[in-house]
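# Architecture and fold: a report
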Number of protein chains: 2
Amino acid sequence: MTSSLPPGSTIGIIGGGQLGRMLASAAARLGFRTLVLDPDADCPAAQLANELIQGTYDDAAALDRLAEASDVVTYEFENVPVEPLRAVAARRSVHPPIEALEVAQDRVVEKAFLNGIGIQTAPWRAVDDPQEIDHALLDLRGDCILKTRRLGYDGKGQATIVAGSTHEGVFESLGGVPAILEKKVPFEREISVIAARTESGDFAAFDPVENVHRMGILSRSTVPAAVGEDVAARAVAIARTITERLGYVGVIGVEFFVGTDGTLLVNEIAPRVHNSGHWTEAACTISQFEQHIRAVAGLPLGSAERHSDCVMENLIGSDVERVPALLREADTLLTLYGKREARAGRKMGHATRLSRGRGV
Amino acid sequence: MTSSLPPGSTIGIIGGGQLGRMLASAAARLGFRTLVLDPDADCPAAQLANELIQGTYDDAAALDRLAEASDVVTYEFENVPVEPLRAVAARRSVHPPIEALEVAQDRVVEKAFLNGIGIQTAPWRAVDDPQEIDHALLDLRGDCILKTRRLGYDGKGQATIVAGSTHEGVFESLGGVPAILEKKVPFEREISVIAARTESGDFAAFDPVENVHRMGILSRSTVPAAVGEDVAARAVAIARTITERLGYVGVIGVEFFVGTDGTLLVNEIAPRVHNSGHWTEAACTISQFEQHIRAVAGLPLGSAERHSDCVMENLIGSDVERVPALLREADTLLTLYGKREARAGRKMGHATRLSRGRGV
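Note that this is a predicted model, so its numbers are computed, not measured.

Check the secondary structure of chain A and you find 11 helices and 17 strands. In terms of overall dimensions, chain A has C-alpha extents of about 60 × 50 × 40 Å along its principal axes. Relative to its 360 residues, chain A shows a buried fraction of 59%. Of all intrachain contacts in chain A linking residues separated by at least 6 positions in sequence, the fraction that spans at least 24 positions is 62%. For chain A, the accessible surface area stands at approximately 13700 Å², while carbon and sulfur atoms represent 49% of it. Charge-centre separation for chain A: the mean point of 37 positive side chains lies 4 Å from the mean point of 48 negative side chains.

Laid out in C-alpha cells, this is it:
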C-alpha cells in the first residue's frame, strides 16, 4: 500500500512525450518533483521536469537510477518494456500495475482478458501465420482488420481485409509478426471513458467523450458524447470493472464502439492518461493529469465533474499553422507540446473550445 | 514593436519565485521555452523552467547572458534593480516597461504619478527625516502610516502613527531611510483589478477581486468583489488609464481602497502578475499567467471572462498542514510552489474554491 506522498516527493515518469509533459506540470502544481526517463534530452517532458535521465526504456542502469531517485514510478505510454520494469517494481511502487501493461501491450491478451471478465469486444481470432487467416475469416464472416498483436498505435500496424478478396501478402506487409484478426463491426459512434482508481479502490470517471479519428489518429473529442444516460452509465461501469479486475491505480482510457442499438464493444484500453482526456484541463477543475498524479501519489481523487461542455481538437503536423487563429478565439485553451519540428502525423498540441451552459 | 514570438522562442524571466514558476508553466503551455534568472538553483521557477541562470538581479554578466539567450525578457517582482536592467532593455524587449518599475519601486514616485494623471490616492507626504513627520502629521490630520519609500512588501517596512501620540524612534525603526507618510483612510473594503495590455494597446481586465489581508499579507481573494457595477467599472477604467500612461505591456495588479460612498483610492500598483489574480487559473479559461505571457510575447490577449465565482486562499507557513483536507474538497484547485521549508509568513501555495452558477 502506497501511503500518500508528501509534497516535495519525487515522481518518476517513464517516457517524455506530451503526456509526460502534462503529467510533470500537474505534479508540479501539487508540489511534487518529477524525474523523466527518455532517450531524448530535449523531449517535451524534460523541458518541464525537475530532472531527466537520458536513456532507453530497457536500459537497466537508467531504470535503476530512476527507481533509486523516485518515490513512486509511473509511465506515459503502454509500450514500456515489461521485463526491465519488473526490477523497478521490486524497489518502488509502479502505478499503473505491470499487469495492465501486459494486457494492453498485446491485442490478443487484451481481448481475452476483456472477454474473460464478461466484457464484449468485436469478434476476433489470433493469427500467427498467413494460413490461419483463411480459417479465421470463415469463422468471423465479413470484412475484417488484421492488426499486429503488439506495438500498434495511431492506426499503424493495421490492414483491412475485405470479405471475399485475397489477403495475399497482407500478413507479411505488417512485418510477418503475430497478429489478430478482428471483425469490422458496424458502429454508430466511438466513445471513450477516462477514469481513475486509487489503491484503496476509490473510483472516479469523467463523462464519456465522443471521438472522431482521421487517418487512424484521434482528431476531435466532444463532451458530452451524444449517447443516452444508460449507455454512458454502462460505459463507466465497464471501465470500473476493468480497473477493479486489474487492481488498477492511476488514470485509464477505455475506448468503445457504440452500436445503433446502444451495444458497447470495448475497442482497446490504454493504461495511462489518454488523448481523449485532454479536454479535462480546460473544462474540469481537476484534469486527467492531476487525477493520475493524485492516484499514483496516494492522494484522494478529485471531482470528475466538468464546468463546461467542450470540443478538443488535436493539432497534427501542419495544423500548428492554425495557432494564430486559435489564439484569437475566446474560450479556447491552447496547449502546445514544445516540439521543434511539425512533421506530418506528429501531435504538436491541442485546443479545447469551451461552450457554457452546462450549469452543474 | 515586438512582433509575435513563434512557438519555441525563449522568454527570460527575472526572479524565480512562485510567480515565475506559474509564468514558466503558462509559457510552456503556449510552446515557449523559459530561462529564469535567480540566485537559488532550486527556486520554485527553476524547477519548471527549461534553464536557469544562477545569479543576483544586479549581476551584469548574468543579465547579459539572459539578454543573449532570450527573445523577450520579463520579471516577476517589482524590485528588480533598474540600472542593470537598462543594459538588458538595450538589447531585448523588456516587458512590462522599466518606467513601470520606476513608478512601482518608490511609493512617493508612485503616488505622484497617480495623482499627476488624476487618480486619487490616500493623502500623503514625503518624509526624508524625522523632523518632517511633525509637519506632515499636521497637514494630513489623523492616524497615519509611515512606510519606507522603497523595498516594502507584504506589510514589511511600515509603522502606524496614531494621531496625537509620539512618533519618537519610528522613523529610525524603519531603517532611517526615505519614507512616505500616508493618511489612514477609512474604507469599506479592499479590491484589486488584474488587467493586461498589449503593445498595440489592446486591454483586458478580469473582474475586480475583493481582498482580505492578515498581518499585512494577502490572505483571501473573493470574486466577484461585493461592489456595484459602477464601482467595478471605475476600477477597471483606472487600471486602464494607468496602463495607457505607462505604455504598459503585460499584466498589472492595481490595489484599491473602496470608501463607503464608493470612492476609489489606489493603494498601490504591482507591475507584474499578482497574488490576487491566482484565482484566474481555476475560474477562467486563460489565467493571468497565460495572459501575461501572451502580452509580452506579442500574442493576442485571451478572454478575461470567468466561468465560476470563487474564493482563493493563500497557504502561508503552517497553513500547508491543511493540504490533505483541501485535497478532499471537490471543486478546489490546489497549487503548491515546490518550497521545501514552510517558514512562518512564507507563501507556500494557494487554493481556489469554485462556486458555480455564474452561468456566463
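This part takes up the relation of the copies chain B and chain A. Relative to chain A, chain B is turned by 180 degrees and slid 0.0 Å along the rotation axis, the superposed coordinates differing by an RMSD of 0.0 Å. The superposition of one copy onto the other is thereby described by a two-fold rotation axis. Looking at the rotation axis and the C-alpha trace of chain B, the residue lying nearest is Leu 48 of chain B, at 2.4 Å. Taken together, the interface assignments show that 100% of the residues at the interface of chain B recur at the interface of chain A, consistent with an identical surface on both copies.

This part takes up the pairing of strand β6 (residues 144–148) of chain B. Residue and element names in this part refer to chain B. Counting buried positions along β6 yields 5 of 5 residues, so the element is predominantly enclosed. As judged from the 4 bridges shared by β6 and strand β7 (residues 158–161), these two strands associate in the antiparallel manner. Paired with Leu 146 across the bridge in β7 is Ala 159. Looking at chain direction, β6 and strand β8 (residues 179–183) are connected through 5 bridges and run antiparallel.

Now for the interface of chain B and chain A. Taken together, the contacts link 38 residues of chain B with 38 residues of chain A. Both faces considered, chain B and chain A share a buried interface measuring about 3400 Å² in area, 51% of it formed by carbon and sulfur atoms. On the chain B side of the interface with chain A, the three residues burying the most area are Arg 29, Thr 285 and Leu 327 of chain B, jointly 20% of the side's total. The tally of links between chain B and chain A comes to 4 salt bridges. As a salt-bridge pair, Asp 42 of chain B and Arg 33 of chain A come within 2.8 Å of each other at their nearest N and O atoms.

All right, on to the sheet that holds β7 of chain B then. Residues and elements named next belong to chain B. Read from one edge to the other, the open sheet built from 4 strands follows the order β5-β8-β6-β7, with strand pairing classed as antiparallel. One side of each edge strand has no neighbouring strand; the edge strands of this open sheet are β5 (124–127) and β7. Across this sheet, the average inter-strand angle for adjacent strands is 25 degrees, counted without regard to direction. Across the sheet, helix α5 (residues 107–116) touches β5, β6, β7 and β8, and the angle it forms with β8 is around 50 degrees. Along the sheet, helix α6 (residues 130–140) contacts β5, β6, β7 and β8; its crossing angle with β5, the most-contacted strand, is approximately 175 degrees.

Here we take up the sheet that holds strand β1 (residues 10–14) of chain A. All names here are of chain A. Pairing in this open sheet of 4 strands is parallel, and the strands run β3-β2-β1-β4 from one edge to the other. Taken across any chain shown, the strands that pair with only one partner, and hence form the sheet edges, are β3 (51–54) and β4 (72–75). Recorded for the sheet is a direction-independent mean angle of 25 degrees between the axes of neighbouring strands. Here 4 bridges tie strand β2 (residues 33–38) to β3, and the two strands are oriented parallel to one another. If you follow Asp 38 over to β3, its bridge partner there is Gln 54.

A word on the pairing of strand β15 (residues 309–316) of chain A. Residues and elements named next belong to chain A. Burial analysis of β15 places 6 of its 8 residues in the buried class, the great majority of the element. As judged from the 4 bridges shared by strand β12 (residues 217–223) and β15, these two strands associate in the antiparallel manner. Opposite Arg 220, over in β15, you have Glu 313 as the bridge partner. Two elements, β15 and strand β17 (residues 347–355), share 8 bridges in a ladder whose sense is antiparallel. Considered in β17, the bridge of Glu 313 is made with Ala 351.

What follows is about the confidence of the model for chain A. Overall, the predicted model of chain A reaches an average pLDDT of 95, with 97% of residues at or above 70. Listed scores for the predicted complex are pTM 0.95 and ipTM 0.93.

Quick look at the packing of aromatic side chains now. Residue and element names in this part refer to chain B. Under the counting rule described, the total for this entry stands at 6 aromatic pairs over all chains. Pairing Tyr 57 with Phe 77 gives two aromatic rings, centres 4.8 Å apart and planes at 55 degrees, and the pair type is tilted. In this pair, Tyr 57 sits in the loop between β3 (51–54) and α2 (60–69) while Phe 77 sits in the loop between β4 (72–75) and α3 (82–89), placing the two residues 20 residues apart along the sequence.

Turning our eyes to something else, we now look at the side chain of Arg 21 of chain B. Positionally, Arg 21 of chain B belongs in helix α1 (residues 18–29). Comment: no salt bridge for buried Arg 21 of chain B; closest opposite-charge side chain is Asp 42 of chain B, at 7.9 Å. Residues contacting Arg 21 of chain B, with those up to four places away along its chain left out, are Ala 28, Arg 29 and Gly 31 of chain A together with Pro 44, Ala 45, Gln 47, Leu 48, Leu 336, Tyr 337 and Gly 338 of chain B.

Quick notes on the rules
Every chain's residues receive numbers from 1 upward, in the order its sequence appears when written. To label them, take the chains in the order written and letter them from A, then take the ligands in the order written and number them from 1. Given that this is a predicted model, residues contribute local features only at a pLDDT of at least 70 and side-chain atom pairs are listed and counted only at 80 or more, while totals for whole chains, interfaces and linings are drawn from all residues. Side-chain figures throughout are based on the complete set of non-hydrogen atoms in the structure, without hydrogens or water. Under the scheme used here, helices are H or I runs from DSSP no shorter than 4 residues and strands are E runs no shorter than 2 residues, and both carry numbers assigned from the N terminus. When a residue's accessible area, from a 1.4 Å probe over protein chains only, is under 20% of the maximum for its type it is buried; when over 50% it is exposed; and in between it is partly exposed. Any two residues having at least one pair of non-hydrogen atoms within 4.5 Å are treated as being in contact. Each accessible area value is a Shrake-Rupley result obtained with a 1.4 Å probe; residue values ignore everything except the protein chains displayed when judging cover. When charges are counted, neither His nor the chain ends are considered; positive counts come from Lys and Arg and negative counts from Asp and Glu. To locate a charge, take NZ of a lysine, CZ of an arginine, CG of an aspartate or CD of a glutamate. In this comparison the copies share one frame, found by least squares on the C-alpha atoms of residues holding pLDDT of at least 70 in both. Only when DSSP finds a minimum of two bridges between them are two strands counted as paired. Using a 1.4 Å probe, buried area is obtained as the accessible area two parts lose upon being combined, added over both of them. We count a salt bridge whenever a side-chain nitrogen from Lys or Arg sits within 4 Å of a carboxyl oxygen from Asp or Glu. Every angle, taken between N-to-C directions, lies between 0 and 180 degrees, and every axis is a line fitted to C-alpha atoms, over only the stretch in contact when it is a helix. The predictor's confidence in any single residue is recorded as pLDDT, a number from 0 to 100. Each pair of aromatic rings taken from Phe, Tyr and Trp, with Trp reduced to its six-membered ring, is defined by centres within 6.5 Å and is described as stacked if the planes are under 30 degrees apart, edge-to-face if over 60, and tilted in the remaining cases.

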